[in-house]
Amino acid sequence: MARVSVESLRKEYDVGTVVAVDDLDLEIEDGEFVTVVGPSGCGKTTTLRMLAGLERPTSGRIRIGETDVTDVHAKNRDVAMVFQNYALYPHKTVFENMAFGLRMSTDLSADEREARVVETAEMMDIEELLEDKPDELSGGQKQRVALGRAIVREPDLFLFDEPLSNLDAKLRTSMRAEIQRIQDELGITAVYVTHDQHEAMTMGDRIVILNDGTLQQQGKPTDVYENP
Ligand code: ADP
Ligand code: ADP
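Residues numbered from 1 in each chain as written. Chains lettered and ligands numbered in written order. Predicted model: local features only at pLDDT ≥ 70, side-chain atom pairs only at ≥ 80, totals over all residues. Heavy atoms only, no water.

Trainee: When you look at the site of ligand 1 in this model, what are you seeing that I'm missing?
Mentor: Lining the immediate environment of ligand 1, one finds Tyr13, Asp14, Val18, Ala20, Pro39, Ser40, Gly41, Cys42, Gly43, Lys44, Thr45 and Thr46. Within the backbone of glycine 43, a nitrogen or oxygen atom sits 3.1 Å from an oxygen atom of ligand 1. For ligand 1, the protein covers 60% of the area, taking 560 Å² as the surface of the free molecule. Broken down by secondary-structure element, the contributors of at least two residues to the shell around ligand 1 are β2 (18-28) and α1 (44-52). Ranked by residue count, the leading element in the shell around ligand 1 is α1, at three residues. When grouped by side-chain class, the residues that make up the shell around ligand 1 number five nonpolar, five polar and two charged. (Near = heavy atom within 4 Å. Polar contact = N/O pair within 3.5 Å; in protein donor to acceptor, adjacent residues only side chain to side chain. Areas by Shrake-Rupley, 256 points an atom, 1.4 Å probe, with all protein chains shown as cover. Helix = DSSP H or I, 4+ residues; strand = E, 2+ residues; numbered from the N terminus. Nonpolar A, V, L, I, M, F, W, Y, C, P; charged D, E, K, R; others polar.)

Here's what the structure looks like:
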(Lines give C-alpha, C1' and ligand atoms only; values in the text may rest on other atoms or scores of the structure.)
(Ligands and ions follow the chains in the order given, each with its own letter.)
Protein backbone atom coordinates (compact mmCIF):
# COMPACT_ATOMS: atom_id res chain seq x y z
CA MET A 1 0.00 0.00 0.00
CA ALA A 2 1.12 3.53 -0.51
CA ARG A 3 0.24 7.16 -0.37
CA VAL A 4 -0.79 8.64 -3.72
CA SER A 5 -0.19 12.22 -4.74
CA VAL A 6 -1.67 13.91 -7.80
CA GLU A 7 -0.33 17.36 -8.61
CA SER A 8 -1.80 19.74 -11.22
CA LEU A 9 -2.84 16.76 -13.32
CA ARG A 10 -4.10 17.80 -16.74
CA LYS A 11 -5.38 15.98 -19.79
CA GLU A 12 -6.32 17.73 -23.02
CA TYR A 13 -7.74 16.03 -26.09
CA ASP A 14 -8.05 17.22 -29.67
CA VAL A 15 -5.15 19.66 -29.43
CA GLY A 16 -6.49 21.41 -26.38
CA THR A 17 -10.08 21.91 -27.48
CA VAL A 18 -11.24 19.39 -24.84
CA VAL A 19 -9.91 19.70 -21.29
CA ALA A 20 -10.91 16.39 -19.70
CA VAL A 21 -8.96 16.91 -16.47
CA ASP A 22 -8.13 20.48 -15.49
CA ASP A 23 -5.12 20.81 -13.18
CA LEU A 24 -6.41 18.38 -10.55
CA ASP A 25 -4.74 18.14 -7.13
CA LEU A 26 -5.49 15.11 -4.97
CA GLU A 27 -3.81 13.45 -2.00
CA ILE A 28 -4.74 9.91 -0.99
CA GLU A 29 -3.45 8.55 2.29
CA ASP A 30 -1.92 5.13 2.67
CA GLY A 31 -4.86 2.75 3.23
CA GLU A 32 -7.50 5.30 2.28
CA PHE A 33 -10.45 4.36 0.07
CA VAL A 34 -11.56 7.32 -2.05
CA THR A 35 -14.77 7.31 -4.08
CA VAL A 36 -14.90 9.61 -7.11
CA VAL A 37 -18.31 10.75 -8.36
CA GLY A 38 -19.61 13.39 -10.75
CA PRO A 39 -21.69 13.82 -13.90
CA SER A 40 -20.93 12.04 -17.13
CA GLY A 41 -17.98 13.65 -18.89
CA CYS A 42 -16.50 15.26 -15.74
CA GLY A 43 -13.19 13.41 -16.15
CA LYS A 44 -13.55 10.39 -13.84
CA THR A 45 -12.39 7.75 -16.31
CA THR A 46 -9.59 9.90 -17.70
CA THR A 47 -8.27 10.48 -14.16
CA LEU A 48 -8.39 6.77 -13.41
CA ARG A 49 -6.65 5.87 -16.69
CA MET A 50 -3.86 8.34 -15.93
CA LEU A 51 -3.45 6.81 -12.45
CA ALA A 52 -3.25 3.40 -14.12
CA GLY A 53 -0.68 4.54 -16.68
CA LEU A 54 -3.01 3.84 -19.60
CA GLU A 55 -3.18 7.48 -20.60
CA ARG A 56 -0.35 9.97 -20.66
CA PRO A 57 -1.07 13.29 -18.88
CA THR A 58 -0.69 16.52 -20.83
CA SER A 59 1.00 17.95 -17.72
CA GLY A 60 1.21 17.44 -13.97
CA ARG A 61 2.70 14.70 -11.81
CA ILE A 62 1.54 11.45 -10.20
CA ARG A 63 3.41 9.90 -7.27
CA ILE A 64 2.73 6.49 -5.77
CA GLY A 65 4.64 6.04 -2.54
CA GLU A 66 8.05 7.63 -3.02
CA THR A 67 8.08 7.05 -6.77
CA ASP A 68 7.15 9.55 -9.47
CA VAL A 69 5.27 7.31 -11.90
CA THR A 70 4.12 10.02 -14.32
CA ASP A 71 6.24 8.63 -17.15
CA VAL A 72 5.95 4.98 -16.10
CA HIS A 73 3.79 2.80 -18.31
CA ALA A 74 0.91 0.74 -16.87
CA LYS A 75 2.77 -2.55 -17.02
CA ASN A 76 5.54 -1.17 -14.81
CA ARG A 77 3.23 0.34 -12.19
CA ASP A 78 2.25 -1.50 -9.03
CA VAL A 79 -1.43 -0.78 -9.67
CA ALA A 80 -4.37 -3.15 -10.24
CA MET A 81 -7.56 -2.13 -12.01
CA VAL A 82 -11.03 -3.66 -11.79
CA PHE A 83 -13.26 -2.86 -14.76
CA GLN A 84 -17.00 -2.84 -15.32
CA ASN A 85 -16.65 -5.48 -18.06
CA TYR A 86 -14.30 -7.69 -15.94
CA ALA A 87 -11.61 -7.78 -18.69
CA LEU A 88 -10.71 -11.42 -18.04
CA TYR A 89 -8.62 -13.30 -20.59
CA PRO A 90 -11.26 -15.49 -22.31
CA HIS A 91 -8.92 -18.36 -23.24
CA LYS A 92 -7.32 -18.69 -19.82
CA THR A 93 -8.78 -20.50 -16.82
CA VAL A 94 -9.60 -18.63 -13.63
CA PHE A 95 -6.34 -19.91 -12.14
CA GLU A 96 -4.35 -18.69 -15.16
CA ASN A 97 -6.15 -15.34 -15.14
CA MET A 98 -5.13 -14.82 -11.52
CA ALA A 99 -1.59 -16.21 -11.88
CA PHE A 100 -0.82 -14.23 -15.04
CA GLY A 101 -0.84 -10.82 -13.37
CA LEU A 102 1.24 -12.26 -10.56
CA ARG A 103 3.82 -13.58 -12.99
CA MET A 104 4.11 -10.21 -14.68
CA SER A 105 4.50 -8.23 -11.48
CA THR A 106 6.52 -10.37 -9.05
CA ASP A 107 9.45 -12.77 -9.05
CA LEU A 108 7.76 -15.51 -7.01
CA SER A 109 8.45 -19.15 -7.81
CA ALA A 110 5.71 -21.20 -9.48
CA ASP A 111 4.90 -22.89 -6.15
CA GLU A 112 4.64 -19.59 -4.32
CA ARG A 113 2.43 -18.20 -7.07
CA GLU A 114 0.14 -21.19 -6.86
CA ALA A 115 -0.12 -20.90 -3.08
CA ARG A 116 -1.02 -17.21 -3.33
CA VAL A 117 -3.64 -17.79 -6.04
CA VAL A 118 -5.28 -20.58 -4.02
CA GLU A 119 -5.25 -18.52 -0.83
CA THR A 120 -6.84 -15.54 -2.60
CA ALA A 121 -9.38 -17.79 -4.35
CA GLU A 122 -10.43 -19.11 -0.93
CA MET A 123 -10.77 -15.58 0.37
CA MET A 124 -13.01 -14.69 -2.60
CA ASP A 125 -14.89 -18.00 -2.43
CA ILE A 126 -13.95 -18.92 -6.01
CA GLU A 127 -11.68 -21.91 -5.31
CA GLU A 128 -14.24 -24.21 -6.97
CA LEU A 129 -13.93 -22.19 -10.20
CA LEU A 130 -10.15 -22.27 -10.67
CA GLU A 131 -10.24 -24.63 -13.67
CA ASP A 132 -13.20 -22.90 -15.38
CA LYS A 133 -12.97 -20.48 -18.30
CA PRO A 134 -14.63 -17.05 -18.00
CA ASP A 135 -17.50 -17.91 -20.36
CA GLU A 136 -18.61 -20.64 -17.93
CA LEU A 137 -19.08 -18.08 -15.15
CA SER A 138 -21.97 -15.82 -14.16
CA GLY A 139 -21.48 -12.05 -14.06
CA GLY A 140 -21.10 -12.08 -10.29
CA GLN A 141 -18.53 -14.88 -10.43
CA LYS A 142 -16.58 -13.03 -13.14
CA GLN A 143 -16.40 -9.94 -10.98
CA ARG A 144 -15.20 -12.01 -7.99
CA VAL A 145 -12.45 -13.42 -10.22
CA ALA A 146 -11.54 -9.93 -11.44
CA LEU A 147 -11.34 -8.77 -7.82
CA GLY A 148 -9.29 -11.83 -6.88
CA ARG A 149 -6.91 -11.17 -9.77
CA ALA A 150 -6.33 -7.65 -8.43
CA ILE A 151 -5.96 -8.71 -4.79
CA VAL A 152 -3.50 -11.54 -5.48
CA ARG A 153 -0.93 -9.03 -6.73
CA GLU A 154 -1.03 -7.01 -3.48
CA PRO A 155 -0.68 -3.78 -5.46
CA ASP A 156 0.17 -0.39 -3.99
CA LEU A 157 -3.04 1.01 -5.44
CA PHE A 158 -6.43 -0.43 -6.49
CA LEU A 159 -8.40 1.35 -9.20
CA PHE A 160 -12.09 0.54 -9.63
CA ASP A 161 -13.91 1.74 -12.76
CA GLU A 162 -17.64 1.36 -12.04
CA PRO A 163 -17.09 -2.32 -11.19
CA LEU A 164 -20.69 -3.05 -10.20
CA SER A 165 -22.67 -1.37 -12.96
CA ASN A 166 -23.14 -4.54 -15.06
CA LEU A 167 -24.58 -6.52 -12.14
CA ASP A 168 -28.22 -6.75 -11.08
CA ALA A 169 -29.34 -5.03 -7.88
CA LYS A 170 -29.01 -8.08 -5.65
CA LEU A 171 -25.49 -8.88 -6.86
CA ARG A 172 -24.50 -5.24 -6.57
CA THR A 173 -25.43 -5.32 -2.89
CA SER A 174 -23.44 -8.46 -2.17
CA MET A 175 -20.40 -7.32 -4.18
CA ARG A 176 -20.51 -3.99 -2.39
CA ALA A 177 -20.31 -5.84 0.92
CA GLU A 178 -17.50 -7.95 -0.51
CA ILE A 179 -15.42 -4.91 -1.48
CA GLN A 180 -16.06 -3.37 1.95
CA ARG A 181 -14.87 -6.60 3.58
CA ILE A 182 -11.67 -6.52 1.49
CA GLN A 183 -11.17 -2.91 2.47
CA ASP A 184 -11.60 -3.75 6.17
CA GLU A 185 -9.40 -6.85 6.10
CA LEU A 186 -6.60 -5.65 3.84
CA GLY A 187 -6.69 -1.86 4.35
CA ILE A 188 -6.23 -1.26 0.63
CA THR A 189 -5.48 2.12 -0.91
CA ALA A 190 -8.14 2.60 -3.57
CA VAL A 191 -9.75 5.02 -6.00
CA TYR A 192 -13.29 3.92 -6.80
CA VAL A 193 -15.16 5.62 -9.65
CA THR A 194 -18.93 5.37 -9.71
CA HIS A 195 -21.94 7.34 -10.90
CA ASP A 196 -24.07 5.66 -8.21
CA GLN A 197 -24.63 8.00 -5.26
CA HIS A 198 -25.67 5.13 -2.99
CA GLU A 199 -22.39 3.32 -3.65
CA ALA A 200 -20.43 6.47 -2.93
CA MET A 201 -22.40 7.01 0.28
CA THR A 202 -21.79 3.54 1.66
CA MET A 203 -18.27 2.81 0.46
CA GLY A 204 -15.07 4.55 1.18
CA ASP A 205 -13.54 6.98 3.63
CA ARG A 206 -13.88 10.03 1.45
CA ILE A 207 -15.93 11.19 -1.52
CA VAL A 208 -14.41 13.40 -4.20
CA ILE A 209 -16.87 15.17 -6.49
CA LEU A 210 -15.48 16.14 -9.89
CA ASN A 211 -17.04 18.70 -12.17
CA ASP A 212 -15.62 19.83 -15.52
CA GLY A 213 -12.32 18.11 -14.74
CA THR A 214 -11.81 19.87 -11.42
CA LEU A 215 -12.40 18.96 -7.80
CA GLN A 216 -15.71 20.53 -6.81
CA GLN A 217 -16.10 19.18 -3.29
CA GLN A 218 -14.63 16.49 -1.05
CA GLY A 219 -15.25 15.09 2.41
CA LYS A 220 -16.63 12.24 4.44
CA PRO A 221 -19.76 10.71 2.91
CA THR A 222 -21.96 12.16 5.65
CA ASP A 223 -20.51 15.65 5.14
CA VAL A 224 -20.88 15.62 1.37
CA TYR A 225 -24.46 14.39 1.19
CA GLU A 226 -27.06 16.07 3.37
CA ASN A 227 -29.27 13.00 3.81
CA PRO A 228 -27.17 10.16 5.19
P1 ADP B 1 -16.38 10.52 -17.18
O2 ADP B 1 -15.63 9.27 -16.95
O3 ADP B 1 -16.54 11.36 -15.95
O4 ADP B 1 -17.69 10.31 -17.88
P5 ADP B 1 -14.31 11.06 -19.16
O6 ADP B 1 -13.03 11.08 -18.40
O7 ADP B 1 -14.66 9.84 -19.90
O8 ADP B 1 -15.49 11.45 -18.16
O9 ADP B 1 -14.32 12.26 -20.19
C10 ADP B 1 -13.98 13.61 -19.84
C11 ADP B 1 -14.09 14.49 -21.09
O12 ADP B 1 -13.06 14.13 -22.00
C13 ADP B 1 -15.39 14.36 -21.84
O14 ADP B 1 -15.70 15.64 -22.37
C15 ADP B 1 -15.05 13.39 -22.95
O16 ADP B 1 -15.88 13.59 -24.07
C17 ADP B 1 -13.61 13.76 -23.24
N18 ADP B 1 -12.82 12.61 -23.76
C19 ADP B 1 -12.56 11.46 -23.11
N20 ADP B 1 -11.78 10.64 -23.86
C21 ADP B 1 -11.54 11.31 -25.02
C22 ADP B 1 -10.79 11.00 -26.21
N23 ADP B 1 -10.11 9.86 -26.35
N24 ADP B 1 -10.77 11.93 -27.20
C25 ADP B 1 -11.43 13.11 -27.05
N26 ADP B 1 -12.14 13.45 -25.96
C27 ADP B 1 -12.20 12.57 -24.96
P1 ADP C 1 -0.33 0.90 -27.79
O2 ADP C 1 0.45 2.16 -28.01
O3 ADP C 1 0.02 -0.20 -28.72
O4 ADP C 1 -1.81 1.13 -27.66
P5 ADP C 1 0.94 0.90 -25.22
O6 ADP C 1 0.94 -0.19 -24.19
O7 ADP C 1 2.23 1.41 -25.74
O8 ADP C 1 0.04 0.32 -26.37
O9 ADP C 1 0.13 2.15 -24.68
C10 ADP C 1 -1.15 2.04 -24.16
C11 ADP C 1 -1.57 3.40 -23.68
O12 ADP C 1 -0.67 3.89 -22.70
C13 ADP C 1 -1.60 4.45 -24.79
O14 ADP C 1 -2.77 5.24 -24.61
C15 ADP C 1 -0.35 5.28 -24.56
O16 ADP C 1 -0.54 6.62 -24.94
C17 ADP C 1 -0.19 5.18 -23.06
N18 ADP C 1 1.21 5.27 -22.65
C19 ADP C 1 2.27 4.72 -23.26
N20 ADP C 1 3.40 4.99 -22.62
C21 ADP C 1 3.04 5.76 -21.53
C22 ADP C 1 3.75 6.38 -20.46
N23 ADP C 1 5.08 6.31 -20.34
N24 ADP C 1 3.07 7.06 -19.54
C25 ADP C 1 1.76 7.15 -19.62
N26 ADP C 1 1.01 6.62 -20.61
C27 ADP C 1 1.65 5.92 -21.57
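From this point, the narrative continues.
Trainee: Explain helix α3 (residues 110-123) here, please?
Mentor: What sets the pattern is the α-helix's 3.6 residues per turn: residues three or four places apart point alike. The end-to-end C-alpha separation of α3 is 20 Å, in line with the 20 Å expected for 14 residues at 1.5 Å each. Taken together, the buried positions of α3 are occupied by Arg113, Arg116, Val117, Thr120 and Ala121. Seen along its axis, α3 keeps its buried residues to an arc of 135°; they face one direction. Exposed and facing more than 90 degrees away from the buried side of α3 are Asp111 and Glu119. (Expected span 1.5 Å × (residues − 1). Buried < 20%, exposed > 50% of the residue type's maximum accessible area, 1.4 Å probe, protein only. Arc of directions from axis to C-beta.)

Trainee: So what exactly am I meant to see when it comes to the pattern of salt bridges here?
Mentor: Pairs can form between side chains of opposite charge once their charged atoms are near each other. Applying the stated criterion across every chain, the model contains 13 salt bridges. Between aspartate 23 and arginine 10 there is a salt bridge; the shortest N-O distance is 3.4 Å. One end of the pair, aspartate 23, is in strand β2; the other, arginine 10, is in strand β1 (residues 4-13), and 13 residues separate them in sequence. Given the relative accessible area of 17%, arginine 10 is considered buried. Glutamate 178 is paired through a salt bridge with arginine 144; the nearest N and O atoms lie 3.3 Å apart. With glutamate 178 in helix α5 (residues 169-186) and arginine 144 in helix α4 (residues 139-152), this pair connects stretches of sequence that are 34 residues apart. With respect to class, glutamate 178 is no different from arginine 144; both count as buried. Connected through salt bridges with shared partners, the residues Arg10, Glu12, Asp22 and Asp23 form a single ionic network. (Salt bridge = Lys/Arg side-chain N within 4 Å of Asp/Glu carboxyl O.)

Trainee: Before we go on, may I ask you to explain the packing of aromatic side chains in this structure?
Mentor: Applying the stated criterion across every chain yields a total of five aromatic pairs. Aromatic side chains tyrosine 89 and phenylalanine 100 sit 5.2 Å apart centroid to centroid with 80° between the ring planes, which places their arrangement in the edge-to-face category. Taken together, the residues span a long stretch of sequence, with tyrosine 89 in the loop between β6 (79-83) and α2 (94-105) and phenylalanine 100 in helix α2 at a distance of eleven residues. With centroids separated by 6.2 Å and ring planes inclined at 15°, the aromatic side chains of phenylalanine 158 and phenylalanine 160 adopt a geometry described as stacked. There is no split in this pair, since phenylalanine 158 and phenylalanine 160 are both buried. Counting every residue linked through ring pairs, the aromatic cluster contains Phe33, Phe158, Phe160 and Tyr192. A cation over a ring is seen here: lysine 92 above tyrosine 89, with NZ or CZ 5.6 Å from the ring centre. Positioned over the ring face of phenylalanine 100 is lysine 92, at 4.6 Å from the centre of the ring. (Phe/Tyr/Trp six-rings, centres within 6.5 Å; stacked < 30°, edge-to-face > 60°. Lys NZ or Arg CZ within 6 Å of the ring centre and 35° of its normal.)

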